[in-house]
Amino acid sequence: MPKADIIPWEGNILQVSVPMDSPLRQVNSYILPDKDGRITIIDPGPHDLETERAWEHVL
């Protein structure tokens, strides 16, 4: 299963480095929580099976 690296930032923001095919190798995505417990995901990466599996691991 593809593994995404998760880096916590201030304000409960998470940077998620999602693996992808060359030439980029990864895309940096961000999870932003709101005060009601909901989240916004910024730039989740390409829509393919590898990326979906990485996000299943993260979530």
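Refer to the structure above for everything that follows.
Description of the structure in this document. (Residues numbered from 1 in each chain as written. Predicted model: local features only at pLDDT ≥ 70, side-chain atom pairs only at ≥ 80, totals over all residues. Heavy atoms only, no water.)

### Topic: the sheet that holds strand 3 (residues 26-33)
Each strand in a sheet pairs with another by means of backbone hydrogen bonds, the pair being arranged parallel or else antiparallel. Using the following cut-off: Strand pairing is assigned whenever DSSP identifies at least 2 bridges connecting the two strands. Runs of E in the DSSP output that reach at least two residues are strands. Runs of H or I that reach at least four are helices, and both are numbered from the N terminus. Angles here are taken between N-to-C directions and fall from 0 to 180 degrees, while the axes themselves are lines fitted to C-alpha atoms, restricted in helices to the stretch in contact. The contact rule is simple, with two residues in contact once any of their heavy atoms fall within 4.5 Å.
Here we have four strands laid out as an open sheet, ordered 1-2-3-4, and antiparallel in their pairing. This sheet does not close on itself; its edge strands, each paired only once, are strand 1 (5-8) and strand 4 (39-42). Averaged over all pairs of adjacent strands, the angle between strand axes in this sheet comes to 20°, irrespective of strand direction. Relative to strand 4, strand 3 runs antiparallel, the two being bridged by four bridges. Bridge pairing links P33 to I39 in strand 4. Relative to the sheet, helix 1 (residues 49-58) contacts strand 1, strand 2 (14-19), strand 3 and strand 4, its axis offset from that of strand 2 by approximately 145°.

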